[in-house]
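Architecture at a glance
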Amino acid sequence: LRWNTHVAAMLTFVFSGLLHEFVLYLLSQRRGMPSGPVGIDGPFTPSYGRHFFFFCWSAGVLMGERLLGPYIAPWTPAKGPFRTFLVLMTTLPVVHHFTDEYVASSFYSDISLGFPKVLLK
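Predicted, not measured: the structure shown is a model, and the values here were computed from it.

Reading the values: the criteria
Residues numbered from 1 in each chain as written. Predicted model: local features only at pLDDT ≥ 70, side-chain atom pairs only at ≥ 80, totals over all residues. Heavy atoms only, no water. Core = buried A, V, L, I, M, F, W, Y, C linked by side-chain atoms within 4.5 Å. Buried < 20%, exposed > 50% of the residue type's maximum accessible area, 1.4 Å probe, protein only. Helix = DSSP H or I, 4+ residues; strand = E, 2+ residues; numbered from the N terminus. Contact = heavy atoms within 4.5 Å. Expected span 1.5 Å × (residues − 1). Bend = angle between axes of the 7 residues up to and from the residue. Salt bridge = Lys/Arg side-chain N within 4 Å of Asp/Glu carboxyl O.

Counting residues in hydrophobic clusters, the biggest one holds 9 residues: Leu24, Leu27, Phe44, Phe54, Phe55, Val94, Phe98, Tyr102 and Ala104. For this core, the secondary structure elements donating two or more residues are helix H1 (2-28), helix H2 (50-72) and helix H4 (96-104). In terms of residue count, the dominant contributor to this core is H4 (3 residues). Setting aside anything within four residues of it in sequence, one finds Val94 in contact with Phe53, Phe54 and Trp57.

Right, here's the structure in full:
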């Protein structure tokens, strides 16, 4: 039964990665996009596979934490903010694979009016 939960968690991440790749495809079908931060004027051409990689990496990190966590960091409790912090620190170096495509497609610029910015000169 234990391996079934690990397989289910892994498949959830894999299918989530595939779903986000499909969202990128849908973003590439938009027409009349405003010029974004990288100067896109027209249809967005995504780089496929980066979202899938990010979700597979996240699945591996969480499976590794679940299976190896008690042996790697036995002084930490099984659940809690410190263990969560360690998991996040192993995911942050690759998070740009998830966000770069959205930034390049001007996806975030559509909602940027709702988030104030502090500009330092």
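Having seen the model, we can carry on.
Right, let's talk about H2 for a bit. The terminal C-alpha atoms of H2 lie 29 Å apart, and with 23 residues this falls more than 12% below the ideal 33 Å at 1.5 Å per residue. Its axis deflected by about 50° at Arg66, H2 carries its strongest bend there, up to four residues before the proline Pro70. Buried within H2 we find His51, Phe54, Phe55, Ser58, Ala59, Val61, Met63 and Gly69.

Attention now moves to the pattern of salt bridges. Scanning all chains against the criterion turns up 2 salt bridges. Across the pair Arg50 and Asp100 runs a salt bridge whose closest N-O atoms are separated by 3.2 Å. With Arg50 in helix H2 and Asp100 in helix H4, the pair connects residues that are 50 residues apart, well separated along the chain. The class for Asp100 is partly exposed, based on a relative accessible area of 34%. Between Arg50 and Glu101 there is a salt bridge; the shortest N-O distance is 3.2 Å. A residue pair is termed long-range when its members are at least 10 positions apart, and Arg50 in helix H2 and Glu101 in helix H4 qualify at 51 residues. A relative accessible area of 21% means that Arg50 is categorised as partly exposed.

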